Amino acid sequence: MAATVYLAEAPSNIAFLKYWGKADAAAQWPANDSLSMTLRNARTETSVQRSAQSEFYFNGHKLSSQDPFAQKAMRHLAFLFDMLEETPIHLRIETKNTFPDSCGIASSASGMAALTLATVACLLEAPSWDSLTEQGISRAQLASWARKGSGSACRSFWGGFVAWEAAAGPASQRAYPLFPAEHWRLCDILLLISIAPKIISSSQGHLTAWDSPLFLPRLSGLPTRKRAMLEALATQDLSQLGPLLEQEALEMHSIMLSVEPPICYLTADTSAWIVQVRRWRQEEGLEVYFTIDAGPNLHLICEPAAKPALLSRLAQANAQWLEDEVGTGPTLCTRR
Ligand code: DP6
């Protein structure tokens, strides 16, 4: 009889308050709290089934066991076997993203969330969320396990707007939902400025944060910015949230730029687009704000009413972009 296939689909997320720097790298304990919006279109689909040999497919291609991506996944599987006190077994894993590779959307968040959910479901033979709950596995537990593979993945376990609290230590850190997607229909238009591979991975970049002379001042200012962001999210006030998004993204990049050697993800085109977006806002009243991840591309955040005007300006400028918006959390099902 063919093995049951466990299928998980998990969303990516865009951080509004950024996770940059770890208080304890081995424990994946972040240096600060972060806040994010779950995305609707940028998702990873992962299937896991018991098999005679370990196999890993990415976007339809079989990866060798030496491939860094396959190795990262294998390390995470070993961790999950350990957590569930299961003897390691061979699994066939297939994973694919609904968004193009290297487009500036971090696939590690959605990828690690989907891999964690599908693997745990397969090992426990749990065909649904209800079945996982009955077996004592909560969403928060899965989020905490996924974070060991990639920190930002823990925020991908809920839809809408999500917080990840660093708390007093790795044991008490936790991710939890703030508001569901229906609370505020924000759009994220990802402006593709460059899709060249990253100069340095986020994981390596995190480790340099403490070397920046700006990092401690950043940490002391973050609680105030977090409070203001939470208030803006609660009251759906984009004119309050927007400037905070921009300050936060530029502050994270100033940490990256002020280490030796500097990590420079931004390009001259990123700066030119920042100026353009601000000009549209200030001179033409287009209510759009940017945030940036560990890359050169701008995530343009706006309400649905501003989207047509934004897209027509981007089209006139011959820009390339991907459309996304606030979305829902991961799903789980099975196939025979
Ligand atoms: C800039 O979660 O990719 O996107 O925990 O080392 O896997 P690891 O890092 P990762 O870092 C994400 C950094 C960021 C900001 C954010 O998503 O909060």
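Residues numbered from 1 in each chain as written. Predicted model: local features only at pLDDT ≥ 70, side-chain atom pairs only at ≥ 80, totals over all residues. Heavy atoms only, no water.

Draft legend 1. Molecular detail of the site of the ligand. The full set close to the ligand counts 17 residues, and Y19, K22, G151, S152 and S203 are the nearest of them. A distance of 3.2 Å separates an oxygen atom of the ligand from a polar side-chain atom of Q28. Within the side chain of S108, a nitrogen or oxygen atom sits 3.4 Å from an oxygen atom of the ligand. Protein contacts shield 97% of the accessible area of the ligand, which totals 460 Å² for the unbound molecule. Among the elements that line the shell around the ligand, the one with the most residues is helix α5 (residues 202-206), at 3 residues. For the shell around the ligand, the class distribution of residues is 5 nonpolar, 8 polar and 4 charged. (Near = heavy atom within 4 Å. Polar contact = N/O pair within 3.5 Å; in protein donor to acceptor, adjacent residues only side chain to side chain. Areas by Shrake-Rupley, 256 points an atom, 1.4 Å probe, with all protein chains shown as cover. Helix = DSSP H or I, 4+ residues; strand = E, 2+ residues; numbered from the N terminus. Nonpolar A, V, L, I, M, F, W, Y, C, P; charged D, E, K, R; others polar.)

Draft legend 2. Region of the structure containing the packing of aromatic side chains. Counting across every chain of the model gives 6 aromatic pairs. For the pair F16 and F161, a centre-to-centre distance of 6.4 Å together with 45° between the ring planes defines the contact as tilted. Here F161 lies in strand β8 (residues 161-165) and F16 lies in strand β1 (residues 5-17), a separation of 145 residues in the sequence. The two residues F16 and F161 agree in class, both being buried. Between the aromatic rings of W273 and W280, the centroid separation amounts to 6.1 Å while the plane-to-plane angle is 65°, which identifies the pairing as edge-to-face. Owing to a relative accessible area of 17%, W273 belongs among the buried residues under this scheme. Of the aromatic side chains, those joined through ring pairs into one cluster are F56, F58 and F69. We note R139 situated over the ring of W129; from NZ or CZ to the ring centre the distance is 3.9 Å. (Phe/Tyr/Trp six-rings, centres within 6.5 Å; stacked < 30°, edge-to-face > 60°. Buried < 20%, exposed > 50% of the residue type's maximum accessible area, 1.4 Å probe, protein only. Lys NZ or Arg CZ within 6 Å of the ring centre and 35° of its normal.)

Draft legend 3. The arrangement of helix α9 (residues 307-316) in detail. Every buried residue belonging to α9 is among L310, L311, R313 and L314, and all of these are buried. Buried residues of α9, viewed axially, fall in a sector of 160°; they line one side. What points out from α9, more than 90 degrees from its buried face, is the exposed set P308 and Q316. Buried residues along α9 sit in contact with β10 (187-191), α8 (268-284), β12 (298-302) and β13 (321-325). A positive backbone phi angle near 55° is found at N318, which sits one or two residues after α9. (Arc of directions from axis to C-beta. Contact = heavy atoms within 4.5 Å.)

Draft legend 4. Examining the pattern of salt bridges more closely. In the structure shown here, the tally under the stated rule is 18 salt bridges. Residue E165 is joined to R174 by a salt bridge in which the shortest nitrogen-to-oxygen separation is 3.9 Å. One salt bridge connects R218 with E251, and the closest N-O pair in it is separated by 2.8 Å. Of this pair, R218 sits in helix α6 (residues 215-234) while E251 sits in helix α7 (residues 238-257), and the two are 33 residues apart along the sequence. Owing to a relative accessible area of 2%, R218 belongs among the buried residues under this scheme. Overlapping salt bridges bring together E55, K62, R92 and E94 as one network. (Salt bridge = Lys/Arg side-chain N within 4 Å of Asp/Glu carboxyl O.)

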